[in-house]
Amino acid sequence: MSAVPLTNWEMIRTPPDAAASPVDLGSDLVAIPTQAPRTVASALLAHGAFHAADPGALDRHDFWYRTTIHGKGPHRLVCDGLATIAEIFLDGHLVASSKSMFVPVEVMLDLQSRHDLDICFRALGPQLDAPGRRAKWRQRMVTPQTLRLWRTTFLGRMPGWCPPVHAVGPFRAIELRPLPERFQIEAFKTQYEDGRGRIVIALDAPGIAQAQLSCDGREIALHRDGARFTGALDLPDIAPWWPHTHGEPRLHDVSLTVDGQRSQLGRTGFRTIEIDRDADGTGFSFRVNGVPVFCRGACWTSPDVISLAGAREDYEPLLVRARDAHMNMIRVGGTMLYETNAFHELCDELGILVWQDFMLANFDYPATDPDWCALLRDEANAFLSRTRMSPSLVALCGGSEVWQQAAMMGVAPGAWSSGVIDELLATAVAENRPDAVYVPNTPSGGALPFEPRHGITHYYGVSAYMRPLRDARDAQVRFAAECLGFAHLPEGPVELEPERGAVVQPCWGERVPGDVGAIWYFEEVRNYYLHALYGIDADRMRQENPTRYLDLSRATTVEIVEEVFSAWRRHGSPTRGGLVWFLKDVTPGAGWGVLDHSGEPKPVWHGLRRAFRPVQVLLSDEGLNGLDVHLVNDGAKMREVELTLTCLRDGSLPVMRATRRMELAPHSTSCIPATGLWGAFFDTAYAYRFGPPSHDVTCAGLVDATTGEILSEAFHFPLGRGAAQSDLGLEAELFRDEHGWALRVSTRAFAQSVHVSDTGYQPLDHWRHLAPGSPRVIRFVPRATGNGPPQGKVSAVNGLVDIVYGVDG
């Protein structure tokens, strides 16, 4: 018999400790039909009794989940996630309890027929009111301070950017499994070296006579010792797993045959992971299968902070968006929660590396409390054991900004970390996932843990700290596990004041995230860079021309991410990775996410998609050394390409042009001085300034020499971008082919940040620069089924005239 998911429940709310057991619940209490997995917040929302803007203190009540189960004989009740203080009753008798939302609860039951099952989620709020041991430091991001004593998520408790929706209830699956189970896997480990894979397995299978392990068409009989079976299956010449930017993420089916009955265990991959500290010993980078990988991607947020949803259909649209933007790493931070196996299986399939923090952040944790440490140990072992087949899980981290918080509060280095916690987590990783790397904390690596030029940093120099764009290079960032937090505007219209037409400050401002206690405000941060890029007074433009203000605000963060990652990915850069903060917004508005709260791309997503391309041309201003052209090929195959470099005067007249055909070796970077392409001196970067400037933009293009496919473009503005607008001669032709609707866009003069506005269709590539003589095709996907032909307009931030397209255009 297979496991039975327990999905149908009733939910009852009571004051804290109003009922010690189910028998104390009054018959007059209102019960709401609900399901599991489903949090209290999502259950109330489904019945119109919850509002995210004013959710109320859910942790100030007890919530009872009640159902009826049927069975006969021994069974195992498995609860994968109960938030947070939970008591389980069978027929009114307490059979188990839990004080961690991160540790699965398993209960052995002897069933006779029909039974009442109750789970009470006790109010956490009153427990948080009780004082605990004095901490060595206090932090401001999470409230209250006593949350450090409990193993629960910070979601809903970070007032700077997360809605105050407390995690309460059965947020993960609950199943009833009949016993005896045929076998249980005690250990599963993969190894890979010199093209040879290996699976090492151990299982407990009482009453079983023989067992065979199979993978990739190869099989081995396991050795039996009583009820225990062990073995190692060698797999020479097995195809390895790669991040999708560097190769194919090959997965292989693994099965177990027990007394002639085959069971699929899942899919796994084979790869090696190493940390490279560079020649000076202070760097940080990942090597996958011996190849250096520039890791680029984003920090993860839960698909839904109300329901804490964890099904494949919740994750897939977001992770596909990440893959399509050429992201090859996702970091699940210590302020979030552990995602389900579906998340990791998708990352395996899509070729996305996973950096997983253990759920620790900012606090001085009670490392001397043996009960708390035991819960943390169980939490780590539970997560690592259920993800042991996942090749995408490559880094486990002991927490986020714990060391940084201590250092910034003046705590002596010896007290930043707890040896007990570090040893506990390092041991859990070594025992369960020896194929992954363990990082004690992020950031870490220098005399101060947050120094960008040593180890791992959280880089907000270009961002919250409002450093000039050049700082991204000058800071000598080695690896940014967080970076570039901006209030990224979504697509579409913004609420305006009815009378003046200006952007509404109160409503707009409430949706802009921030750090509690910090002097910066992330809309002001974006405005600072808008002025730096375009020389415009953002506050004045916001009032006088709000539409242009919004367009330039969108263009600003697009330009910043492209410029920063260009500096980081250039040949010779010390930077080996950068993960933007966040992938997706948790609420509507101008949040940190590069996807909006519904998962749709913001303009900045398109910029990252270009910045993260596996085959790339980049330009860097080296001052008196001129302009350098950098070429990147992350892929596993040699690429034959044609490079073109053009300087334009007044955005339209070519004054210099050079073309070179060349080969890009696999997994390589290279650099060519622009002078080497010209064959003579030309002040490409306008550094020597012998007379007036000869050009205002330099365009680099890289195309596939065989197919003519445009692989990458890069641009340099020796005089700055400027804010002047003119008639650029933009043209747009709407057409339809076997791939669907598309626009062919061209221009007579250089057009900045060309973008498409269409309510019925999503453009697949826009907010991009367009050079004259280089028309581009922008394809569409419908936002909903049954849409007619696209209708909208094409604009450029330096253009005076918008181009209307469509049947009425």
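Residues numbered from 1 in each chain as written. Predicted model: local features only at pLDDT ≥ 70, side-chain atom pairs only at ≥ 80, totals over all residues. Heavy atoms only, no water.

1. Comments concerning the confidence of the model for the protein
As a note on interpretation, predicted positions should not be read in detail where pLDDT is low.
Here is step 1 of the chain: Taken over all residues, the pLDDT of the protein has a mean of 94, while the share at 70 or more is 96%.
Here is step 2 of the chain: The low-confidence segment residues 497-508 (pLDDT under 50) makes 32 contacts with residues lying over four places distant or belonging to another chain. (pLDDT = per-residue confidence, 0-100. Contact = heavy atoms within 4.5 Å.)

2. Some points on the packing of helix 3 (residues 312-324) against helix 4 (residues 341-350)
Here is step 1 of the chain: It is at 9 Å that the axes of helix 3 and helix 4 come closest, and there the two elements cross at 30°. In terms of their interaxial angle, helix 3 and helix 4 are classed as roughly parallel. Two packed elements cross with a definite hand, and for helix 3 against helix 4 that hand is right-handed. Residue-level contacts link Arg312, Tyr315, Glu316, Leu319, Val320 and Arg323 of helix 3 to Ala342, Phe343, Leu346, Cys347, Glu349 and Leu350 of helix 4. (Axes fitted to C-alpha atoms, helices over the stretch in contact; angles between N-to-C directions. Helix = DSSP H or I, 4+ residues; strand = E, 2+ residues; numbered from the N terminus. Parallel < 35°, antiparallel > 145°, perpendicular 65-115°, else oblique. Left-handed = near helix turned anticlockwise from the far one by under 90°.)

3. Thoughts on helix 12 (residues 546-569)
Here is step 1 of the chain: With 24 residues, helix 12 should cover 34 Å at 1.5 Å per step; its first-to-last C-alpha distance of 35 Å lies within 8% of that length.
Here is step 2 of the chain: Judged by how many residues are buried, helix 12 sits mostly within the fold: 20 of 24 residues are covered. (Expected span 1.5 Å × (residues − 1). Buried < 20%, exposed > 50% of the residue type's maximum accessible area, 1.4 Å probe, protein only.)

4. Focus on the pairing of strand 5 (residues 73-79)
Here is step 1 of the chain: The element strand 5 is extensively covered by neighbouring structure, given that 6 of its 7 residues are classed as buried.
Here is step 2 of the chain: In this structure, strand 5 lies alongside strand 8 (residues 105-111), joined through 7 bridges in antiparallel fashion. Residue pairing across strands places Leu77 opposite Val107, the latter belonging to strand 8.
Here is step 3 of the chain: The sheet contact formed by strand 5 and strand 10 (residues 174-178) spans 5 bridges and is antiparallel. When the bridges of strand 10 are listed, Arg76 appears paired with Arg177. (Pairing = 2+ DSSP bridges.)

5. Describing the pattern of salt bridges
Here is step 1 of the chain: All chains considered together, the criterion is met by 53 salt bridges.
Here is step 2 of the chain: Notably, a salt bridge pairs Arg287 with Asp276, separated by 3.1 Å at the nearest N-O pair. A residue pair is termed long-range when its members are at least 10 positions apart, and Arg287 in strand 20 (residues 285-288) and Asp276 in strand 19 (residues 273-276) qualify at 11 residues.
Here is step 3 of the chain: Arg287 gets classed as partly exposed once you look at its relative accessible area, which sits at 26%.
Here is step 4 of the chain: When the shortest N-O distance is used, the salt bridge between Asp634 and Arg569 registers 3.0 Å. Residue Asp634 is located in the loop between strand 31 (627-633) and strand 32 (639-649), and its partner Arg569 is located in helix 12; the two are separated by 65 residues in the primary sequence. In this pair, the class of Asp634 matches that of Arg569, namely buried.
Here is step 5 of the chain: If you follow the salt bridges from partner to partner, you end up with Glu562, Arg610, Glu713, Asp765, Arg768 and Arg776 in one network. (Salt bridge = Lys/Arg side-chain N within 4 Å of Asp/Glu carboxyl O.)

6. Topic: a nonpolar patch on the surface
Here is step 1 of the chain: On the surface, Leu624, Phe681, Tyr688 and Phe690 cluster together to form a nonpolar patch covering roughly 500 Å² of accessible area.
Here is step 2 of the chain: Relative to the helices and strands, Tyr688 is located in the loop between helix 14 (674-678) and strand 35 (697-704).
Here is step 3 of the chain: On the basis of relative accessibility, which here comes to 35%, the residue Tyr688 falls in the partly exposed class. (Patch = residues over 30% accessible without salt bridge, like charges linked within 9 Å, V, L, I, M, F, W, Y side chains within 5 Å. Areas by Shrake-Rupley, 256 points an atom, 1.4 Å probe, with all protein chains shown as cover.)

7. Structural notes on the side chain of Asp683
Here is step 1 of the chain: Along the polypeptide, Asp683 turns up in the loop between helix 14 and strand 35.
Here is step 2 of the chain: Despite its burial, Asp683 pairs with no opposite charge, the nearest such side chain being Arg689 at 6.9 Å.
Here is step 3 of the chain: At 3.0 Å, the side chain of Asp683 and the backbone nitrogen of Tyr688 are in polar contact.
Here is step 4 of the chain: Those residues within four positions of Asp683 in sequence are excluded, and the remaining contacts are Tyr688, Arg689 and His695. (Lys, Arg positive; Asp, Glu negative; His and termini not counted. Polar contact = N/O pair within 3.5 Å; in protein donor to acceptor, adjacent residues only side chain to side chain.)

8. Let's talk about helix 13 (residues 603-611)
Here is step 1 of the chain: Within helix 13, 8 of the 9 residues are buried, which leaves it mostly tucked inside the rest of the structure.
Here is step 2 of the chain: For helix 13, every residue scored as buried is listed here: Pro603, Val604, Trp605, His606, Gly607, Leu608, Arg610 and Ala611.
Here is step 3 of the chain: Summarising the contacts, the buried residues of helix 13 are in contact with helix 3, helix 12, strand 29 (577-580), strand 30 (615-621), strand 40 (761-763) and strand 41 (768-770).

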